[in-house]
Amino acid sequence: MSTLPQRAPRGARRRVEAWAAQHLQCAVASLGALCHAPLASLLTAAVIGVALALPLSAYLVIRGMSDVSARFANSGDISLFLRPEVTLSGARRLAAELSARADVAAVEVIGKEQGLVEFRSALGMVSGLDALGGANPLPVVVVVRPQSVQEPAVEGLLDALSKLPEGEFVQVDRHWLARLQAILDIAHRVLWLLAGLLGAGVVLVIGNTLRMSIETRRSEIEIAKLFGASDAFVRRPFLYHGLFYGLAGALVACALVFIAALTLHGPVQRLGAEYAGQLELSVPGPLHLAILLAGGSVLGLLGAWLSVGRHLRAVEPR
Amino acid sequence: MIRLQQVSKRYGGGQDALRDVDLHIGAGEMVFLTGHSGAGKSTLLRLVTLIERPSRGSIAVGGQHLGRVRGPAVARYRRHLGMVFQDHRLLMDRPAFDNVALPLVIAGYPHQEVARRVRAALDRVGLLAKERALPQMLSSGEQQRVGIARAVVHRPAVLLADEPTGNLDPELSVEIMHLFERFNQVGVTVLIATHDLGLIARMGHRVVRLADGRVMADCAPPAAPA
């Protein structure tokens, strides 16, 4: 019995060239098909864009708040208010002892006079202090910055400080920071859930859009398969379709977030100014754009892959 | 080139399309497969093209056992075949050139070679002047010729045709059959399913008649007149 003739092996370079040419042709044809129905393509891109824009804008807001929280993270300083009879030199001695401790990063002594100046400039409570008739009621304060911001280490240090005979009381206000951190943690998880759900939505939208385009080209797929087209060959134009939808959606998303950020920038900055410039809403940068484009492409390819895969199985030999 | 051994095909409804078919078609042969509709002609072609698989028995094409051809190998196997259909199955939104080019594009031929081979194939079926025509601008006979050009453009070892003249008038049918003969003369193994008995009687090739899924008659071509 004679055997099937083996195809003459062609040069690897020509193979790669033919393969690249096929990809290029596929890409151009897909782009052409999308441009052929601009309104429908634009609507699909807009749906994907909105779905991608939501997690990004939520991320930017959360990041703005995280920045605020990070800036206060160093403010775990502990104020040790000394007894009124302790003098400045006594306080300096104490400070030297404290700074020798392993769990202390830095120590600063604020004398009575310096404390009064800061108090005045920070709070403008001049009249109240002046009413005291010139006597300085403020104690000497030793500000201790813990080596670590971890809860147990700080607790140990607090304990030690409160037992010092020179101390009157110890003050640290980290509770609001802990609360903000907890809220941000929740917001982060919600963000991931939101991103996951909307990502799945994008996959479904692209898959469904391509389903219709696959249906109309069903006979073409069957014919190509009869003439020996591999699954990759059949899949290729649809993958490019999905890729372009994803990329277009990512661009729309970027535009939406950019517009939103610009719209909110002024008011947020004014609010931030009220809090000594500690609040800032970031505008999407090149990194965000890159992540969006990559994310959009991956989701587009995934949607196309899933959609075509189902149809490929439908035309397999039984 | 094509060997069927004890091949049976039973469909889900319990209906037997082929029963214990033994058939051998040598390389370079031209064979007509006849019988009433439902006799199993199309089923046999679908088994050889791996659109379906037999319920029992084995099929070998070019020494390759089709039972072992699975997954991606199916696509590679089909690239050795040329197929012609009764309803042409052309891509209606693509010109004749693109239709004929399809098997070459699938096989990854370089652009220049695709163009050269497509023009050669269109020339052989007499449609070189209509390479830019869309199928609906062509007559039924011309569409079938495009289908034949597509089936031979990649120089397959085996050419399979399912009722290629089913929709054509007698004169065009003869023309199409002669086209198949010309490809057979250059060494292509040709298997044509048809019920146009009057036409094939005049052509003098081997005829295999199926009825109820069995081979009822296998008539060798008459000896060439001395």
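How each quantity is defined
- Residues numbered from 1 in each chain as written.
- Chains lettered and ligands numbered in written order.
- Predicted model: local features only at pLDDT ≥ 70, side-chain atom pairs only at ≥ 80, totals over all residues.
- Helix = DSSP H or I, 4+ residues; strand = E, 2+ residues; numbered from the N terminus.
- Buried ≥ 20, exposed ≤ 12 C-beta atoms within 10 Å, placed from the backbone.
- Contact = placed C-beta atoms within 7 Å.
- Rg over C-alpha atoms; globule rule 2.2 N^0.38 Å.
- Pairing = 2+ DSSP bridges.
- Nonpolar A, V, L, I, M, F, W, Y, C, P; charged D, E, K, R; others polar.
- Expected span 1.5 Å × (residues − 1).
- Bend = angle between axes of the 7 residues up to and from the residue.
- Axes fitted to C-alpha atoms, helices over the stretch in contact; angles between N-to-C directions.
- Left-handed = near helix turned anticlockwise from the far one by under 90°.
- Parallel < 35°, antiparallel > 145°, perpendicular 65-115°, else oblique.
- pLDDT = per-residue confidence, 0-100.

### Quick look at the overall build of chain A
A tally of helices and strands in chain A yields 10 helices and four strands. When the elements of chain A are put in sequence order from the N terminus, they spell out α-α-β-α-β-α-α-β-α-β-α-α-α-α. Expressed as a percentage of the 318 residues in chain A, the buried residues total 24%. Contacts spanning at least 24 positions in sequence make up 85% of the contacts within chain A whose residues lie at least 6 apart.

### A few points about the overall build of chain B
Helix and strand counts for chain B come out as seven helices and 10 strands. For 226 residues, the compact-globule formula gives about 17 Å, and the C-alpha radius of gyration of chain B, at 17 Å, lands near that figure. Along the longest, intermediate and shortest principal axes, the C-alpha atoms of chain B span 45 × 45 × 35 Å. Residue burial in chain B is summarised as follows: out of 226 residues, 44% are buried. For chain B, contacts bridging at least 24 residues in sequence account for 68% of all contacts bridging at least 6.

### Here we look at the pairing of strand S4 (residues 56-61) of chain B
Residue and element names in this part refer to chain B. The pairing of strand S1 (residues 2-10) with S4 spans five bridges and is antiparallel. Its bridge partner lying in S4, Gln-5 is registered against Ser-58. With two bridges connecting them, S4 and strand S5 (residues 64-65) associate as antiparallel partners. Residue pairing for S5: Ala-60 is matched across the bridge by His-65. Taken together, S4 and the strand that follows it, S5, pair antiparallel across an intervening segment of two residues, in which Gly-62 is found at a positive phi of about 60°.

### Regarding the interface of chain B and chain A
Contacts between the two partners involve 30 residues from chain B, matched on the other side by 23 residues from chain A. Counting residues per element, the ones that place at least two in the side of chain B that touches chain A are helix H2 (72-78) and helix H3 (96-107) of chain B. Sorting elements by how many residues they give to the side of chain B that touches chain A places H2 of chain B first, with five residues. Grouping the constituent residues of the side of chain B that touches chain A by class yields 16 nonpolar, seven polar and seven charged.

### Quick look at helix H9 (residues 231-274) of chain A
With 44 residues, H9 of chain A extends 61 Å between its outermost C-alpha atoms, agreeing within 8% with the 64 Å of an ideal straight helix rising 1.5 Å per residue. Along its length, H9 of chain A reaches its greatest deviation from straightness, about 40°, at His-265 of chain A, and the proline Pro-267 of chain A lies no more than four positions downstream.

### Side note on the packing of H9 of chain A against helix H10 (residues 286-314) of chain A
Two packed helices can be described by the angle between their axes and the distance between those axes. Axis separation between H9 of chain A and H10 of chain A bottoms out at 7 Å; the angle between their running directions is 145°. With respect to the hand of their crossing, H9 of chain A and H10 of chain A are arranged in right-handed fashion.

### Focus on the sheet that holds strand S7 (residues 158-162) of chain B
Residue and element names in this part refer to chain B. Ordered in space as S6-S7-S8-S3-S9-S10, the six strands form an open sheet in which the pairing is mixed. Bordering the open sheet on either side are strand S6 (81-84) and strand S10 (214-219), each of which pairs with just one other strand. Across the sheet, the axes of successive neighbouring strands diverge by a mean angle of 20°, strand direction being ignored. One ladder, built from four bridges, connects strand S3 (residues 30-34) with strand S9 (residues 206-211); its direction is parallel. For Phe-32, the partnering residue across the bridge sits in S9 and is Val-207. Across the sheet, helix H6 (residues 170-185) is in contact with S3, S7 and strand S8 (189-193); its angle to S8 comes to roughly 155°.

### Section: the sheet that holds S4 of chain B
Through backbone hydrogen bonds, the strands of a sheet pair up, either in parallel or in antiparallel fashion. All names here are of chain B. Taken in spatial order, the four strands make up an open sheet running S2-S1-S4-S5, and their pairing is antiparallel. This sheet does not close on itself; its edge strands, each paired only once, are strand S2 (16-25) and S5. Sheet strands in contact with helix H1 (residues 41-48) are S1, S2 and S4, and its direction is about 115° off that of S1.

### Here's the deal with the packing of H3 of chain B against helix H5 (residues 140-152) of chain B
All names here are of chain B. Where H3 contacts H5, the two axes come as close as 7 Å, and the packing angle between them is 30°. Judged on the interaxial angle alone, H5 and H3 are roughly parallel. In the packing of H3 onto H5, the handedness of the crossing is right-handed. In this structure, H3 uses Ala-96, Asn-99, Val-100, Leu-102 and Pro-103 to contact H5, whose residues at the interface are Val-146, Ala-149 and Arg-150.

### Structural notes on the environment of Ala-294 of chain A
Assignment of secondary structure puts Ala-294 of chain A in helix H10. Distance from Ala-294 of chain A to Ala-304 of chain A, taken between C-alpha atoms, is 15 Å for residues 10 residues apart in sequence.

### Considering the pairing of S1 of chain B
In regular strands, side chains alternate between the two faces of the sheet. Residue and element names in this part refer to chain B. Where S1 and S2 come together, six bridges link them in antiparallel fashion. In the sheet register, Arg-3 faces S2, and the bridge partner there is His-24. The loop that links S1 with its antiparallel partner S2 comprises five residues; one of these, Gly-14, has a positive phi angle of about 85°.

### Section: the confidence of the model for chain A
Averaged over all residues, the pLDDT of chain A equals 82, while 85% of them reach at least 70. Confidence, expressed as mean pLDDT per element, reaches its minimum in chain A at helix H5 (residues 126-130) of chain A with 60 and its maximum at H10 of chain A with 89.

### Here we look at the environment of Pro-55 of chain A
Residues and elements named next belong to chain A. Tracing the sequence through the fold places Pro-55 in helix H2 (residues 38-73). C-alpha of Pro-55 to C-alpha of Leu-197: the two residues are 142 residues apart in sequence and 9.8 Å apart in space. Discounting residues that sit within four places of it in the chain, Pro-55 has contacts with Leu-191, Leu-194, Ala-195 and Leu-198.

### Thoughts on unusual backbone geometry
All names here are of chain B. The phi angle at Gln-6 is positive, at roughly 50°, despite the residue not being glycine. In this structure, Gln-6 sits in strand S1. Residue Gln-6 is classed as exposed on the basis of its C-beta count, with 12 C-beta atoms lying within 10 Å. Despite not being glycine, Leu-50 shows a phi value in the positive range, around 60°. Within the secondary structure, Leu-50 is located in the loop between H1 and S4.

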